[in-house]
Amino acid sequence: MALFTLGGLSAVPASTRTDLLAPPTRAALEAAELLDTVGVVEIDPAVSDTATTQKVFGLPMDTLANCVIVGGKREGTERIAACLVLATGRADVNNVVKRSLDVRKASFLSQDRAVELSGMEYGGITPIGLPENWPILIDRQVADTEVVVIGSGVRRSKILLPGQVLSHLAGARVIDGLSLSN
């Protein structure tokens, strides 16, 4: 039985398909007792990028969220954060993220570093299960989305959940204006 249905995606409770979650994602959902609250759906990894997922499954762009990993330095110390914005926009790295991290310059982590530090697959990185010392910056539009599609830590599945659930993750900060229009 589907927990959430959105477009052509029908997600089952994550507790029934933990094999579709990256190990850190599964561990975080278990620790937060959210395995029955969020849904997971298996997809072809070839269609896991946002634009293709939207097209193949007939999803409104404002129901898909992207998670990007951003970093900067302050007094020689690297500060890293995850940013979650709807697919209709992009993270305001040069202003909002930079100020949130309190760094002089913020930029996207390289693909290799993001994968290495997150323990997740590129193209599947999710805010659920990231290192505990990373803030999770969530655009208010994501938090206000009834059901949002995010990565699962692996490219072969997606997580569907109420946007408000994300605001309860450890380290989560909901920020107005984190996203710039595309």
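Parameters at a glance
Throughout, residues of each chain are indexed from 1 in the direction in which the sequence is written. Where local features are concerned, this predicted model is filtered to residues with pLDDT of at least 70; where side-chain atom pairs are given and counted, the filter is 80 or more; whole-chain, interface and lining totals use all residues. Side-chain measures were taken over the full set of non-hydrogen atoms in the model, leaving aside hydrogen atoms and water. In plain words, nonpolar cores are sets of buried Ala, Val, Leu, Ile, Met, Phe, Trp, Tyr and Cys residues tied together by side-chain atoms within 4.5 Å. Note on classification: 1.4 Å probe, protein chains only; a residue is buried when its accessible area is under 20% of the maximum for its type, exposed when over 50%, partly exposed between these limits. For helices the rule is a DSSP run of H or I covering at least 4 residues; for strands it is a run of E covering at least 2, with both sets numbered from the N terminus onward. Residues are treated as being in contact if the distance between any of their heavy atoms lies within 4.5 Å. Criterion used throughout: strands pair if DSSP finds at least two bridges between them.

### Looking at the nonpolar core
- Of all hydrophobic cores here, the largest spans 35 residues; its most connected members are I69, I150, L161 and L166.
- Of all elements in the fold, only β4 (65–74), β5 (77–86), β8 (136–139), α5 (140–143), β9 (148–151), β10 (157–161) and α6 (163–166) reach the threshold of two or more residues within this core.
- It is β5 that provides the largest number of residues to this core, a total of four residues.
- In contact with L166, not counting residues within four places along its chain, are L84, P127, I128, I138, V142, V148, I150, L161 and A172.

### Things to note about the pairing of β8
- Of the two faces of β8, the one carrying I136 and I138 and the one carrying L137 and D139 are both buried.
- Sheet analysis places β5 next to β8, joined by three bridges and oriented parallel. Following the sheet pairing, C83 is matched in β8 by L137.

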